[in-house]
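# Observations on the three-dimensional arrangement
Listed below, chain by chain, are the residues.
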Amino acid sequence: MKNSPNSVKRPNNFRHKLRKLLAELTWSAPLPFLRPLKPTDSSVLMYHRVVQPRDVPWEMEPGMYVTPESFRLQLELLTANYKVISLQDYIEQTLIGDLEVGSIALTFDDGWIDFKQHAAPILKEFNLTATVFLPTAFIGSEELFWTDILSLAVHHCPDKIVEIFSEYKIFTPSGGSNPDSLLSRKNMTLERAIFALRAASPINRDKIVTELKGQLPKVPKQFLNWEEINQLATEGFTFGSHSNLHRASTEVEASDLSQDLQDSKNTLSKNLNSGKLDVFCYPGGYYDRSTQEIVNSSGFDATMAIHRNNELELSPPMIGRIGIHEDISYTKKLFNFRLKF
Ligand SMILES: [Zn+2]
């Protein structure tokens, strides 16, 4: 059966059609004239959730997941064509200039419960390991990221969003020549709501999210707890830091950022019995020169980027990653194209 029908909506725009065409061409003829553009022969892959969208109580952002079916076919392609190694080996070999061409390491951001439910069992079938980056304050808690609270609110209480956004004068930066406008019930999409709230001050955002939270139904726990993590560690998975509070480093005061990093390190040391990696992964991939300096002086062996290139001249080095998500990798051809370009 080919790409069994499921509840996942596929994109149908021009961009996606072009991507599919290029993926097809790359698959059947390796497009040698394109290869010099951006060849990727080795990389670290960045995943978030491995889950069916229907099993998550809110609308996920497209970049947040792959389905278990897609994940399985991706691992089929990887194990047939690449050498999948642990993140520790990948970093060590990269640093001594001895990384074999075609090496791949797998990473998962955020510590979602579905890592244990779906990702780990499939990885074990293929005899592969992976590293999970944990935002330590969320581990074992019933808290949610603000983006997910907003997504729940778009579904459950859109009127409340309109009311609070206008109270706090949260505009949707519309770009182009259009004036910014308040989010209305009619023009509300999750994307617009997130865009608007991301542009708000962190203080207002916290207040708004707390107010919205009060309006929402309770949802099942979404993050792993320490017991589950320690079990996964005995099965060979490893864990790094994704900060404590999962805030964009560029939005946090310098002293708060140092404290947050220390809290994350202490919590990992205290709770993890094994499998700890001193590697830091920037929440949302946000950093600038000054936050990078703070992170770099916090005693990590490496940091993880959300762009493809390594920055080995940094100390500690920054390791590039390729983000993998359902929209652009639900067939082997699309996944192959994503890896290469
Ligand atoms: Zn994250």
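Located above this text is the structure these notes cover.
For the structure given in this document, a descriptive report is provided here. Computed from a predicted model, the values in this text were never measured in an experiment. Within any chain, residue numbers begin from 1 and follow the written order of that chain's sequence. Local features in a predicted model are, by the rule used here, given only for residues with pLDDT of at least 70; side-chain atom pairs are given and counted only at 80 or more, and totals for whole chains, interfaces and linings are based on all residues. Side-chain measures were taken over the full set of non-hydrogen atoms in the model, leaving aside hydrogen atoms and water.

## Observations regarding the environment of Pro 62
Formally: Numbering of helices and strands starts at the N terminus; helices are DSSP runs of H or I of at least 4 residues and strands are runs of E of at least 2. Burial classification: accessible surface area is computed with a 1.4 Å probe over protein chains only, and a residue below 20% of its type maximum counts as buried, one above 50% as exposed, and the rest as partly exposed. The contact criterion used is simple: two residues touch if any of their non-hydrogen atoms lie within 4.5 Å.
Relative to the helices and strands, Pro 62 resides in the loop between strand S2 (49–50) and strand S3 (65–66). Given a relative accessible area of 45%, Pro 62 falls into the partly exposed group. Pro 62 sits 129 residues away from Glu 191 along the chain, and the two C-alpha atoms are 10.0 Å apart. Not counting residues up to four positions away in its chain, the partners in contact with Pro 62 are His 325, Glu 326 and Asp 327.

## A closer look at the pattern of salt bridges
As a reminder of what qualifies: A carboxyl oxygen of Asp or Glu within 4 Å of a side-chain nitrogen of Lys or Arg is what we treat as a salt bridge.
Under the counting rule described, the total for this entry stands at 16 salt bridges. Between Lys 332 and Glu 76 there is a salt bridge, with its nearest N and O atoms 3.0 Å apart. On the criterion of sequence distance, the pair formed by Lys 332 in helix H12 (residues 332–340) and Glu 76 in helix H2 (residues 68–81) is long-range, its members being 256 residues apart. Judged by its relative accessible area of 30%, Lys 332 falls in the partly exposed class.

## Notes on the coordination of the zinc ion
Inclusion rule: Any N, O or S atom lying within 2.8 Å of the metal counts as a donor, with the limit raised to 3.2 Å for Na, K and Ca; because water is left out of the atom set, some sites can appear incomplete.
Within the protein, Asp 110 (OD), His 242 (NE2) and His 246 (NE2) serve as the donor atoms for the zinc ion, at 2.1 to 2.2 Å. Site description for the zinc ion: donor spacing in sequence, D-x131-H-x3-H. One end of the pair, Asp 110, is in the loop between strand S5 (103–109) and helix H4 (113–125); the other, His 242, is in the loop between strand S9 (238–241) and helix H10 (254–271), with 132 residues separating them in the sequence. Under the relative-accessibility criterion, Asp 110 is labelled buried at 2%. Exposure remark for His 242: the relative accessible area of 1% places this residue in the buried category.

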